[in-house]
Amino acid sequence: MLDVDGTLVDSERDGHRVAFNRAFEEAGLADRWDVERYGELLTVTGGERRLDAYFQEQGMPADERQPLASSLHRRKTELFTEIASQGEIEPRRGVPEFLDELAGAGVRLAVATTGSRRWVDPLLERLFGLERFEAIIGSEEAPERKPDPSAYELALKRLSLSAPAAPAVEDSNNGLRAAKAAGLACVIVTNDYSREQDFGDADLVLDGFGDSESRASVLADPHRLEPPGRLDVDTLRRLVAAGPSAR
Ligand code: XBP
Ligand code: MG
């Protein structure tokens, strides 16, 4: 079970953030989210909810901010899709190799994201090919965003799997909480935005996927899985065998 934003792709700082700022500019608004501010705003999942929470913080009344958040988010989605179609959103280092290894081992894959299918599907198709994923659950299927577990619960249902059989790979505390609430074991691969977050409940924490040229460092390994400098199929299999509550 795979998260998208921040996990499979580096999409937040140079993707969604830039698209939000362009949407503000086009709408004649002076608001701009710099890299640091966007990191704080990321604690609210879902682009429309993030806009709404931001305008609420600015003191805007609900009847004004909700339609504004909705129209800005619609435009932001179009702008992000354009950015992605220009090839500006890259897979995280090690992800293509990781997905190839999973495919080679016959591991069934599903995606569980709070993002909209309107940009998720074309981006996954462009970077990895949609045929790899047996199910893709986005905000349209699971409107209660992470840390709500519904995206993971639906993904399990689509694959007719029960939770212990399927570990999640995530990058954030919100994602970890969603996966855990669905009963999944969860591997965290941190990134620049998430590295300071609380991953105390995670089953394995790495600072990257790792590949042949760059080893991932292990930040927490409560099951003593001892991955070989990268996240690999064997480590995931041993995690499933250990079970999420084996700590
Ligand atoms: C990612 C998100 C998303 C993106 C933007 O959370 O919160 O909202 O920032 O996508 P996760 P949308 O990685 O935990 O799924 O604007 O389509 O919501
Ligand atoms: Mg994420």
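Residues numbered from 1 in each chain as written. Chains lettered and ligands numbered in written order. Predicted model: local features only at pLDDT ≥ 70, side-chain atom pairs only at ≥ 80, totals over all residues. Heavy atoms only, no water.

Student: Sorry if this is basic, but what is going on with the coordination of the magnesium ion (ligand 2) here?
Tutor: Coordination angles at a metal have ideal targets, namely 109.5 degrees for four tetrahedral donors and 90 or 180 degrees for six octahedral donors. In this structure, D3 (OD), D5 (O) and D171 (OD) serve as the protein donors to the magnesium ion (ligand 2), at separations of 2.1 to 2.2 Å. A relative accessible area of 4% means that D3 is categorised as buried. (Donors = N, O, S within 2.8 Å, 3.2 Å for Na, K, Ca; no water. Buried < 20%, exposed > 50% of the residue type's maximum accessible area, 1.4 Å probe, protein only.)

Student: Explain the site of ligand 1 here, please?
Tutor: Close contacts around ligand 1 come from 17 residues, with G47, R50, H73, K76 and W119 the closest. In this structure, D3 approaches ligand 1 through a side-chain N or O atom, which is 2.9 Å from an oxygen atom. Between an oxygen atom of ligand 1 and a side-chain N or O atom of K76, the distance comes to 2.7 Å. Computed on the free molecule, ligand 1 has an accessible area of 450 Å², of which 97% lies beneath the protein chains in the complex. Elements with a minimum of two residues in the shell around ligand 1: helix 1 (12-26), helix 3 (47-57) and helix 4 (62-85). Partitioning the shell around ligand 1 into residue classes produces two nonpolar, nine polar and six charged. (Near = heavy atom within 4 Å. Polar contact = N/O pair within 3.5 Å; in protein donor to acceptor, adjacent residues only side chain to side chain. Areas by Shrake-Rupley, 256 points an atom, 1.4 Å probe, with all protein chains shown as cover. Helix = DSSP H or I, 4+ residues; strand = E, 2+ residues; numbered from the N terminus. Nonpolar A, V, L, I, M, F, W, Y, C, P; charged D, E, K, R; others polar.)

Student: Sorry, what's going on with the environment of S160 here?
Tutor: Within the secondary structure layout, S160 lies in the loop between helix 7 (150-158) and strand 3 (168-170). Remark: the alpha-carbon pair of S160 and S139, spanning 21 residues in sequence, is separated by 20 Å.

Student: Mind showing me how you'd approach the pairing of strand 2 (residues 133-137) here?
Tutor: Within a regular strand, side chains alternate between the sheet's two faces. Taking burial as the measure, the five residues of strand 2 include four buried ones, the bulk of the element. With four bridges connecting them, strand 1 (residues 109-112) and strand 2 associate as parallel partners. In the strand pairing of strand 2, L109 is matched with F133. Crossover strand 1 to strand 2 through helix 6 (residues 117-127) is right-handed. (Pairing = 2+ DSSP bridges. Right-handed = clockwise from strand over helix to strand, strands pointing away.)

Student: Even after reading the chapter, I still don't get the domain arrangement of the chain, so can you show me in this structure?
Tutor: As a measure of interface size, the accessible area lost when the parts come together is often cited. Its domain assignment divides the chain into domain 1 (11-85) and domain 2 (95-246). Domain 1 and domain 2 are separated by 26 Å when their C-alpha centres are compared. Every contact between the two is made by 19 residues of domain 1 and, on the other side, ten residues of domain 2. Both sides of the domain 1 and domain 2 interface together cover about 1200 Å² of buried area, and 61% of this is carbon and sulfur. Looking at the side of domain 1 facing domain 2, the largest losses of area belong to T45, T77 and A84, adding up to 31% of the total buried there. (Domains from an automatic or database assignment. Contact = heavy atoms within 4.5 Å. Buried area = accessible area lost by both parts, 1.4 Å probe.)

Student: What's the story with the packing of helix 1 against helix 3 in this structure? I'm lost.
Tutor: Each pair of packed helices gets described by two things: the angle between the helix axes and the distance between those axes. Viewed as axis vectors pointing N to C, helix 1 and helix 3 meet at an angle of 60°, and their least axial separation amounts to 13 Å. In terms of axis orientation, helix 1 runs oblique to helix 3. When the axes of helix 1 and helix 3 are compared, the crossing they make is right-handed. Packed against helix 1, whose contacting residues are E12, F20 and F24, the element helix 3 presents G47, R50, L51 and F55 at the interface. (Axes fitted to C-alpha atoms, helices over the stretch in contact; angles between N-to-C directions. Parallel < 35°, antiparallel > 145°, perpendicular 65-115°, else oblique. Left-handed = near helix turned anticlockwise from the far one by under 90°.)

Student: So what exactly am I meant to see when it comes to the environment of F80 here?
Tutor: Relative to the assigned elements, F80 resides in helix 4. Residues F80 and R118, 38 residues apart in the sequence, show an inter-C-alpha distance of 9.9 Å. Sequence-distant contacts of F80, that is, excluding residues within four places in its chain, are made with S11, G15, H16, A19, I89 and W119.

Student: Looking at this model, I keep getting lost on the packing of helix 1 against helix 4. Mind explaining?
Tutor: At a minimum axis distance of 8 Å, the contact between helix 1 and helix 4 shows a crossing angle of 130°. In terms of axis orientation, helix 1 runs oblique to helix 4. Once helix 1 is placed against helix 4, the crossing between them reads as right-handed. On the side of helix 1, the interface is formed by D14, G15, H16, V18, A19, F20, R22, A23, F24 and E26, while helix 4 contributes L72, H73, R75, K76, L79, F80 and I83. Residues belonging to the contact of helix 1 with helix 4 are distributed by class as follows: nine nonpolar, three polar and five charged.

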